[in-house]
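# Residue-level structural notes
Now for the letters of each chain:
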Amino acid sequence: GEDEEEGRAEPRTGGWEYHFEYNTIAGANSTDPAPADPHARDSMPRSLRAALAALLLLALVVASVRRLGSLPRLGPFLDPVRGVWAVAAAAEPSREETAALPGLAAPVTVVFDDRAVPHIFAATEDDAYRVLGYVVARDRLFQLDLQTRATAGTLTGLLGPRALEADRASRAAGLADAAERKYARLDTASIGYRAIVAYAEGVNAWIDRLGEADLPLEYRLLGARPSRWEPKYTFYLFGRMGQTLASSDPGLLKEELRALVGDEAAEAIVAVNSQIQEPIQPNGAAIPREEFAPLPPPGRPDSARARALLALRATLDASPRDLGALGSNNWAVSPSRSASGAALLAGDPHLQLTLPSIWYEVHINVPGAVDVAGVSLPGAPGVVIGFNRDVAWTFTNTGGDVLDFYRETVDDSVAPTRYQLDGSWRDLRIRVETYRDPQGNTLATDTIRSTHRGPMQRLGGEWISRRWTVLEPSAENDVFLHLARASSADQWLTWMEEYVAPTQNGLVADRTGTIAIRSSGWFPIRPGDGRGDRLFDGSASASDWLGALPVEQYPFAYRPAQGFLVSANQQPVDPAANPAYLGGDWPAPWRAININRLLRADSAVTPEKMRRMQTDPGSARAEALVPFFLAAAESSTRADRPDEALRRAADLLREWDRRYDPANRRAILFELAIEETYRRALDELIPPDTARRNPVYRNTQLLLGLLRDSSSTWWDDRRTPDVREERDQVLAASLRAALDTARARYGPPEGEGWRWGTVWPTDIWHFLRLPSLSALNLPVSGGPETIAPAGRHGGFGASWRMVVELGPELRAWATYPGGQSGNPASRFYTDRVRQWTAGDLDPILFPRSPTDLPADRVRATLTVTPGR
């Protein structure tokens, strides 16, 4: 739910009958010094010992045969041999292990290094992916199951009625239905089909040999067992990623804002083009190009429609509403600007932070076919982001408009069976969805209706259908498997032409010194002016998509003259160079401005400088906005009108260096002032007759445009009809209120309570929102719209940080916030969190053979042979 006093999203802990209230995760926010020898560490984190002790105490109080709500039977749960205690015993595998897998063509050697990364050496790609499925299941089985259920809408079968609304939203989105249709279309001779079948066989081989001692903790907590894995679930995973990265629609947002402030203002707020241009495809400008226009005055609201649209967006839109919370970065440097004379590449995709991580690090070596390292998505074979011996690549989200909504004409406003198209009636595709609890009892049923465009949902008295590239035929996994084989940037770019959704800014560099970037994926061609920022008339086939934008019109740069390339979710191309409609409502390009500024100032870039850039706490946003607050305070505190509180607030803000270091004691004052300004200046975007105190939409480009227009009617607060506020009055009041709030919450400005790392920490939650299995209140470098953007108790961030130097012998460094293991008793559950928080990276081992790994860096060896 939204904590309006804090102005942030408060994490939900989920409605469990009990919680582990021990919030320390060893290796994350523990104050214990790190041991000299990582192998000498206690194999069970303090948090798990505390949780198990709490459960034992509970068992002594409650009869061990009772069930407590959603708890399992405590007798079996606490059985000393097969119960939860076995979690610790399974946390550390033997140094030498063997396993037999059906279907293998030849033995496979897996060497786990001291970071728990598997280096898989196989004779065939099918064998490599079969073994990858096996080791991922061994480390992440509950994650595989949970994310599949989240997409399929079957969480109730594991978690019960509390997951019903989430399941309903997933099934209404049609992700699983589309995934099954994609799977059915696969060429069974393709590399992608063989890989996902082999991967599924590996997952199921682990499930088949799963003993009581190996059962993950989460299943013990829930009293459940894992489901078998099917090859089609890989498509479920990619559908889920599409929902995360491509579910925003400027057309639906604009409809919502029309209901709040009228057509003209809504059209200007949800702009097609960014007011600040620092594009991915360089436009030749040495500084960002700006183009601001006065914001039209707000019109009369339609409160009922605004509430209905807000509710619909809440069910459809999985992305953060505040554009400042978005983020992914990548950049590459040509040899001419590199200290070593080799191309450099960096990437840090910002996604939801979870324990375990959404990524799983792996190295796959198949002689004569593929030798690739990086991160895979648990549930999909291969590497999504990484490098081979010749090429390195990474992605940021393009944020293109790949989703449209259509007002449909139906035969029955309550339970339609047909829809109208070009004057004729067509039958709706109808499927009935049943939701069951863990015991198989029916909780609810839904009827999902679809047109030829996609699934429909009801909005008041209307029915709205949706067409979405994420539901279109595609085979993303085939693309990623081919990328691993690329021997040059050009070959990599050719393979990416087959990619569909979600649209991504693919950045690539190779050992010849080539760097290139292209916004890849399917950008729909629409009728008329080609724009998709509206609701379309579904009764006419003339509203349908005409095809996809040809790859020649994608934003693209190859061996740029400036010697570097940067993407950070900004508008990909300056409309002055390419007016093709790719989307709208772009986030402000502050991160891109920061990265470009640092690269322009350095002609001898090193991997270490790239690493430091990834957590650079500087803020172009703050540099642009702070002067307006200081000027407003100056004009409001003249000698004839002393205002000591405002003067004190301005003095404190003036002390700030515009950087978001964890130890900084002034950044919080600015953020509180920004929150107050949004509430006062954009009060028209707070739906009437609701409990909300914050606007439904915030974008700092919008705010900056208002700050430059001191006469705008938007500065007048509609909630004070007897007073007409002006810009400096609002800014001064906001700054004064920010100081009052900061003092009330955090104490005096000189105290420890104002430390940025204390008041604006990051949280990495376990999938089940259990505090003791999470890493919470982590002090990080960065803030809103810095290179490493951070929200207060935010759950989004740099999910993987990587730097690659493509010299004669490729070198790479990387980390992610978590660990390879999904077992909370393992030392590899959160072993990278401390490093990630500090902004450090590990050197990546990339051996050519099993014997190339240094003996002191080998944690364990698994030999997998053909057999049952």
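The coordinates are above.
Notes on the structure in this doc start here. (Residues numbered from 1 in each chain as written. Predicted model: local features only at pLDDT ≥ 70, side-chain atom pairs only at ≥ 80, totals over all residues. Heavy atoms only, no water.)

### Quick look at the overall build of the protein chain
- From N to C terminus, the protein chain includes 24 helices and 35 strands.
- Burial status across the protein chain gives 62% buried among its 868 residues.
- Of the contacts formed within the protein chain by residues at least 6 apart in sequence, a portion of 72% connects residues at least 24 apart.
- Carbon and sulfur atoms provide 51% of the accessible area of the protein chain, an area that totals close to 31500 Å². (Helix = DSSP H or I, 4+ residues; strand = E, 2+ residues; numbered from the N terminus. Buried < 20%, exposed > 50% of the residue type's maximum accessible area, 1.4 Å probe, protein only. Contact = heavy atoms within 4.5 Å. Areas by Shrake-Rupley, 256 points an atom, 1.4 Å probe, with all protein chains shown as cover.)

### Details of the nonpolar core
- Counting residues in each nonpolar core, the largest one holds 211 residues, and the members touching the most others are L257, I269, F387, W492, F670 and L735.
- For this core, the element with the highest residue contribution is helix α4 (residues 125–152), accounting for 14 residues.
- Beyond its immediate chain neighbours, meaning those up to four positions away, L735 contacts F629, A633, L646, A649, A650, L653, L669 and A673.
- Of all hydrophobic cores here, the second largest spans 15 residues; its members include V333, I595, L599 and V803. (Core = buried A, V, L, I, M, F, W, Y, C linked by side-chain atoms within 4.5 Å.)

### Some points on helix α21 (residues 700–707)
- In terms of burial, α21 is largely enclosed, as eight of its eight residues are buried.
- Elements in contact with the buried residues of α21: α12 (263–269), β6 (276–277), α16 (590–600), α18 (620–636), α20 (667–681) and α22 (727–746).
- Two or three places before Q701, at the opening of α21, N699 has a side-chain oxygen 2.9 Å from that residue's backbone nitrogen. (Polar contact = N/O pair within 3.5 Å; in protein donor to acceptor, adjacent residues only side chain to side chain.)

### What about empty space enclosed by the protein?
- The tally for this structure, following the rule as stated, stands at 10 cavities of 30 Å³ or more.
- The calculated volume of the second largest cavity comes to roughly 240 Å³.
- Residue lining of the second largest cavity: 19 residues in total, with M241, L245, V384, F480 and Q504 positioned closest to the centre.
- If you list the elements that add at least two residues to the lining of the second largest cavity, you get α10 (233–245), β9 (343–352), β14 (391–397) and α14 (476–483).
- Counted by class, the lining of the second largest cavity contains 14 nonpolar, four polar and one charged residues. (1 Å grid on protein atoms, 1.4 Å probe; cavity = no way out; pocket = protein on both sides within 12 Å on 5 of 7 lines; lining within 4 Å. Points joined across faces, edges and corners; volume = space filled by probe spheres on them. Nonpolar A, V, L, I, M, F, W, Y, C, P; charged D, E, K, R; others polar.)

### Structural notes on the pairing of strand β12 (residues 370–376)
- Buried residues dominate β12, accounting for seven of its seven residues.
- Bridging between strand β11 (residues 360–366) and β12 involves seven bridges; their strand directions are antiparallel. Across the sheet, residue E361 finds its bridge partner in β12, namely V375.
- Hairpin connection from β11 to β12: three residues lie between these consecutive antiparallel strands, with G368 at a positive phi of about 80 degrees.
- In this structure, β12 lies alongside strand β13 (residues 385–387), joined through three bridges in antiparallel fashion. Across the sheet, residue V375 finds its bridge partner in β13, namely I385. (Pairing = 2+ DSSP bridges.)

### Some words on the side chain of T234
- Structurally, the position occupied by T234 is in helix α10.
- Owing to a relative accessible area of 1%, T234 belongs among the buried residues under this scheme.
- In contact with T234, other than residues within four places in its own chain, are I196, W229, G379, A380, P381 and N477.

### Topic: the packing of aromatic side chains
- The tally for this structure, following the rule as stated, stands at 21 aromatic pairs.
- Between the aromatic rings of F142 and Y219, the centroid separation amounts to 5.2 Å while the plane-to-plane angle is 85 degrees, which identifies the pairing as edge-to-face. Taken together, the positions of F142 in helix α4 and Y219 in helix α9 (residues 217–222) put the pair 77 residues apart, joining distant regions of the chain.
- Taken together, the aromatic side chains of F629, W656, Y660, F670, W756 and W760 make up a single cluster linked through ring pairs.
- Lying over the aromatic face of F846, R389 brings its terminal NZ or CZ to 3.6 Å of the ring centre.
- Lying across the ring of Y816, R832 places its NZ or CZ 4.5 Å from the centre. (Phe/Tyr/Trp six-rings, centres within 6.5 Å; stacked < 30°, edge-to-face > 60°. Lys NZ or Arg CZ within 6 Å of the ring centre and 35° of its normal.)

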